[in-house]
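Listed below are the residues making up each chain.
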Amino acid sequence: MLVTGAGAASAATKVDTQLKIRDISPNPVVVKAGAETTAYFDIGASSDVKKVELSVAPEGNFRTMRTKDVKDLEGWRFAVGFNDNDPAGKWQATAVAFDAAGKEIAKDSAFFAVEVEKGKAETRISRFSADPYKVRKGKSIYFSGRLQVDDDGWEGVRGERVSVYYRANGSSAWKWVASANTKWGGKFSTKTRAYKSGTFRAVYNGNDELDGARSRTDYVRVYGSWWRR
C-alpha cells in the first residue's frame, strides 16, 4: 500500500529536484515473538516536490506477502510496523516524488534489515522411567526417557543435558541425583544408588531456542532397612 505525504510550499524559483531517504530507524528492525516494532523513515525533498510515496518490500521472491501498511507522518516521515510474520533479512525502501501536476519527478531507494526473534520451541520429556519399581537399599536405580521438541510434530533432541531429581518420602525438597546428555532420538539414560523410597523426575532447563520441560514422576520403593516403605 502506498501512502501520500503532504509537501512543502511551492518555491518561487525553479530548483533542482532532490529526494533522499535520509534515515531509517531502527536499523536493523528487531522484532520479538508476538510483538510489533515500528520503523521510521525520514525523507528529504526539495521545495518543488508536492507529494511523496513510500513503499517497503523484502528482497527476494515474496509474491504471496501482503503489502506492508505505511503510515504518513508530518514532514516527509513515514512509519511502518513489522511483526514476527514478516520475512527476516534484507528489505528495500523506495521513495517516489511527484510535482503539483502529479508527475513523477524523482525516486530514491535504501536498504535495511529485519531481524525476527522467534519464540522458544516447546519441549517435553516422554517415557521417563525409574527402574526397578522395588529395589534393595544400595543397589542401582536406572533412569531413561526421551527429550523431544515440537517442530511440526514431536522429534528427538540430541546433545542436551537432562537431570534427574529425587524427593524422599516425608520430604518436600527435590534433590539432584544424576544427569545425562541426550543421544540419537533424544534418548537419555543414567543411574543412581537406592537410598530411601521416594519419587523421581527428569528436568530439562532449556536454552536460547528451547523451552525447559519436566517429566512425569515415577515412584521407587526401597527396602532392606528398619524404615521399610
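Just above sits the structure.
This one's a predicted model, so the numbers in the text were calculated from it and none came from an experiment. (Residues numbered from 1 in each chain as written. Predicted model: local features only at pLDDT ≥ 70, side-chain atom pairs only at ≥ 80, totals over all residues. Heavy atoms only, no water.)

Considering a negative patch on the surface
- Together, Glu122, Asp150, Asp151, Asp152, Glu155 and Asp211 give the surface a local cluster of negative charge.
- Assignment of secondary structure puts Asp151 in the loop between strand E12 (140–150) and strand E13 (154–156). (Patch = residues over 30% accessible without salt bridge, like charges linked within 9 Å, V, L, I, M, F, W, Y side chains within 5 Å. Areas by Shrake-Rupley, 256 points an atom, 1.4 Å probe, with all protein chains shown as cover. Salt bridge = Lys/Arg side-chain N within 4 Å of Asp/Glu carboxyl O. Lys, Arg positive; Asp, Glu negative; His and termini not counted. Charge placed at Lys NZ, Arg CZ, Asp CG, Glu CD. Helix = DSSP H or I, 4+ residues; strand = E, 2+ residues; numbered from the N terminus.)

Observations concerning the sheet that holds strand E7 (residues 77–83)
- Strand order in the open sheet formed by four strands is E2-E4-E7-E6, with antiparallel pairing between adjacent strands. Edge positions in the sheet fall to strand E2 (19–25) and strand E6 (70–72), since each of these pairs with one other strand and no more. Within the sheet, the average angular offset between the axes of one strand and its neighbour, ignoring direction, is 25 degrees.
- In terms of strand pairing, E2 meets strand E4 (residues 36–45) through six bridges, oriented antiparallel. (Pairing = 2+ DSSP bridges. Axes fitted to C-alpha atoms, helices over the stretch in contact; angles between N-to-C directions.)

Observations concerning the side chain of Asp84
- Checked against the element boundaries, Asp84 lands in the loop between E7 and strand E8 (89–98).
- Of the polar contacts made by the side chain of Asp84, one reaches the backbone nitrogen of Gly34; its length is 2.8 Å. (Polar contact = N/O pair within 3.5 Å; in protein donor to acceptor, adjacent residues only side chain to side chain.)

Digging into a positive patch on the surface
- Judged by side-chain charge, Arg136, Lys139, Lys191 and Arg193 come together as a positively charged surface patch.
- Among the secondary structure elements, Arg193 is positioned in strand E16 (residues 187–193).
- When its relative accessible area of 62% is taken as the criterion, Arg193 is described as exposed. (Buried < 20%, exposed > 50% of the residue type's maximum accessible area, 1.4 Å probe, protein only.)

Things to note about the packing of aromatic side chains
- Inspection of the entire model under this criterion finds seven aromatic pairs.
- For the pair Trp91 and Phe112, a centre-to-centre distance of 6.2 Å together with 35 degrees between the ring planes defines the contact as tilted. One end of the pair, Trp91, is in strand E8; the other, Phe112, is in strand E9 (residues 104–117), with 21 residues separating them in the sequence.
- Overall, the relative accessible area of 0% leaves Trp91 in the buried class.
- Seen from their ring centres, Phe143 and Phe200 are 5.0 Å apart, and the 50 degrees between their planes marks the pair as tilted. Of this pair, Phe143 sits in strand E12 while Phe200 sits in strand E17 (residues 198–204), and the two are 57 residues apart along the sequence.
- Phe143 sits in the buried class, given a relative accessible area of 2%.
- Sitting over the ring of Phe98, Lys51 keeps its end group 4.6 Å from the ring centre.
- Lying over the aromatic face of Phe111, Lys90 brings its terminal NZ or CZ to 4.2 Å of the ring centre. (Phe/Tyr/Trp six-rings, centres within 6.5 Å; stacked < 30°, edge-to-face > 60°. Lys NZ or Arg CZ within 6 Å of the ring centre and 35° of its normal.)

Let's talk about the environment of Lys90
- Locating Lys90 in the fold gives a position in strand E8.
- Accessibility expressed as a relative area gives 48% for Lys90, which makes it partly exposed.
- In this structure, the C-alpha to C-alpha distance between Lys90 and Ala57, residues 33 residues apart in sequence, is 9.0 Å.
- Excluding residues that lie within four positions of it along the chain, Lys90 makes contacts with Pro58, Glu59, Phe111 and Phe112. (Contact = heavy atoms within 4.5 Å.)

A closer look at the pairing of E12
- By the bridge criterion, seven bridges tie strand E10 (residues 123–131) to E12 in an arrangement that is antiparallel. When the bridges of E12 are listed, Ile125 appears paired with Leu147.
- Pairing of E12 with E16 involves seven bridges; the strand directions are antiparallel. Paired with Arg146 across the bridge in E16 is Lys187.
- Here E12 runs beside E13; their pairing, made up of three bridges, is antiparallel. Residue Asp150 lies in a different strand from E13, and its bridge partner there is Trp154.
- Between E12 and E13, which pair antiparallel one after the other, the connecting turn spans three residues, and Asp152 there sits at a positive phi close to 55 degrees.

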